[in-house]
Every structure is written in C-alpha cells, then in structure tokens.
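Examination of the molecular architecture
Each chain, letter by letter, is given below.
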Amino acid sequence: MQKRRCGIRTAAEYRERLSPSLWALVAAAVCGPMAAVVFSPLDTTLALFIGLVVSVAIVVALLAFSPVVEVRDGELRAGRAHIPVDLLGVPAGVVAEEARTARGSGLDHRAWHVIRGGIDGIVTVPVTDPDDPTPMWVVSTRTPDRLVAAIQRAQVRLRTPGR
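Overview of the structure. (Residues numbered from 1 in each chain as written. Predicted model: local features only at pLDDT ≥ 70, side-chain atom pairs only at ≥ 80, totals over all residues. Heavy atoms only, no water.)

Concerning the packing of aromatic side chains
To keep things clear, this is the line we draw: Each Phe, Tyr or Trp ring, with Trp reduced to its six-membered ring, pairs with another whose centre is within 6.5 Å; inter-plane angles below 30 degrees give stacked pairs, above 60 give edge-to-face pairs, and intermediate values give tilted ones. The helix and strand labels rest on DSSP assignments: H or I over at least four residues marks a helix, E over at least two residues marks a strand, and numbering proceeds from the N terminus. Think of it in three bands: residues with accessible area under 20% of the maximum for their type are buried, residues over 50% are exposed, and the middle band is partly exposed, with areas taken using a 1.4 Å probe on protein chains only.
All told, the structure shown has one aromatic pair when counted by the stated rule. Here W112 and W137 contribute two aromatic rings whose centre-to-centre distance is 6.2 Å and whose plane-to-plane angle is 45°, an arrangement assigned as tilted. Taken together, the residues span a long stretch of sequence, with W112 in strand β6 (residues 112–114) and W137 in strand β8 (residues 136–140) at a distance of 25 residues. Here W112 falls in the partly exposed class, since its relative accessible area comes to 23%. A relative accessible area of 4% means that W137 is categorised as buried.

Re the pattern of salt bridges
Test applied: Any Lys or Arg side-chain nitrogen found within 4 Å of a carboxyl oxygen on Asp or Glu counts as a salt bridge.
Summed over the entire model, instances satisfying the criterion amount to nine salt bridges. A salt bridge links R15 to E70; the shortest N-O distance between them is 3.6 Å. Of the two residues, R15 sits in strand β1 (residues 14–17) while E70 sits in strand β2 (residues 68–72), which places them 55 residues apart along the sequence. Given a relative accessible area of 47%, R15 falls into the partly exposed group. Put simply, R77 and E75 hold a salt bridge, and the shortest N to O gap is 2.7 Å. Through salt bridges with shared partners, a single network forms among E97, R100, R103 and D120.

Quick notes on the sheet that holds β8
As a reminder of what qualifies: A pair of strands is considered paired only if DSSP assigns at least 2 bridges between the two. To define axes, lines are fitted to C-alpha atoms, for helices over the stretch in contact only, and angles between the resulting N-to-C directions are given on a 0 to 180 degree scale.
Taken in spatial order, the four strands of this open sheet run β5-β7-β8-β6, and their pairing is mixed. The two strands at the open ends of the sheet, each matched to only one other strand, are β5 (92–94) and β6. Across this sheet, the average inter-strand angle for adjacent strands is 15°, counted without regard to direction. Sheet analysis places β6 next to β8, joined by three bridges and oriented parallel.

Remarks on a nonpolar patch on the surface
Here is the rule: Each patch is built from salt-bridge-free residues with over 30% relative accessible area, joining like charges within 9 Å and nonpolar side chains (Val, Leu, Ile, Met, Phe, Trp, Tyr) within 5 Å. Method for areas: the Shrake-Rupley scheme with a 1.4 Å probe, in which residue coverage is limited to the protein chains shown.
Together, V38, F39, L42, L46, F49 and V53 make up an exposed nonpolar region whose accessible area comes to about 580 Å². Residue assignment for the nonpolar patch shows that the elements contributing at least two residues are α2 (31–39) and α3 (44–64). Sorting elements by how many residues they give to the nonpolar patch places α3 first, with three residues.

Following this line, the structure appears as structure tokens:
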C-alpha cells in the first residue's frame, strides 16, 4: 500500500460492497410485473414500459445504496461511518451459528452495526477509545477472515515506526 501524501487517498487494503443476494434482486424485480398489472387497464404498452422501469429502478437502487466495507488509510469504514484502526481492539470473524448469535441475541444495542441479510459472516471489533460510547462494531462480510486480516495489517502498520 502506498503512503498517503498531499491528501491523496491510497488504494484500499480491503473493500467489499454488501450488495443484496441474487434472490433479493429477483424478488425486487417482481415488483415490475405488479406495477404493470396496475396500469394494464389503461394501455398494455404503457403498462409494460412502467413495469420495466420499476423493475430496473428498484434493482439499481438496491445495488447503488448497498453499503461498502473497507479498510483504507488506517481507517475501518462501514457504511457511512469510519473509525481509525488504532482505536480498535482485536477483531474476530465468525460464521454459521456464532454469526447468527452475534446478529441476534448476542447483539449489543450500543454497538455500531452494518448488518445485511443473506450475508452469513460477521466481524466484531471492540472499540478501545474510552471516550467512545460505542463498545464495538459489528459488520457483515462475505469473507470475515480477509476483513480481520486487513484490520490487523492496518493496525500493525500504524504501530510500526517508519511506515
């Protein structure tokens, strides 16, 4: 990774868009035919056009507004929030039953969460800043091991003098 100079952003060490699953996109696209049925008494050509526009608009919106998780410039970014990695503890990635518990009954309401359905993996990272009321971040990811490794690399890089 290149060092940050003159306000120029460096390449992300880790980047993932938490886009919806294929099944969620297909389910969203079904809204188009429903819209077409509503307008079919007026004009079938207009109804087909409206149905197509509705389907495309919903799918594009779901993809465009999907949050991004990334580690860049010594920060963990999840959705619209970001925190320097030197204010974070040791990250832990979980999948399967542990991830369901982390998203459900084990979820701390004070934590910052970026959780998406259809994405099984979770990374939890404790916040070590005593002034931060948020005890941890809980972030969905398809590759928990890669996100954990990227956070740890960024933490080491910040703690190593001369980098």
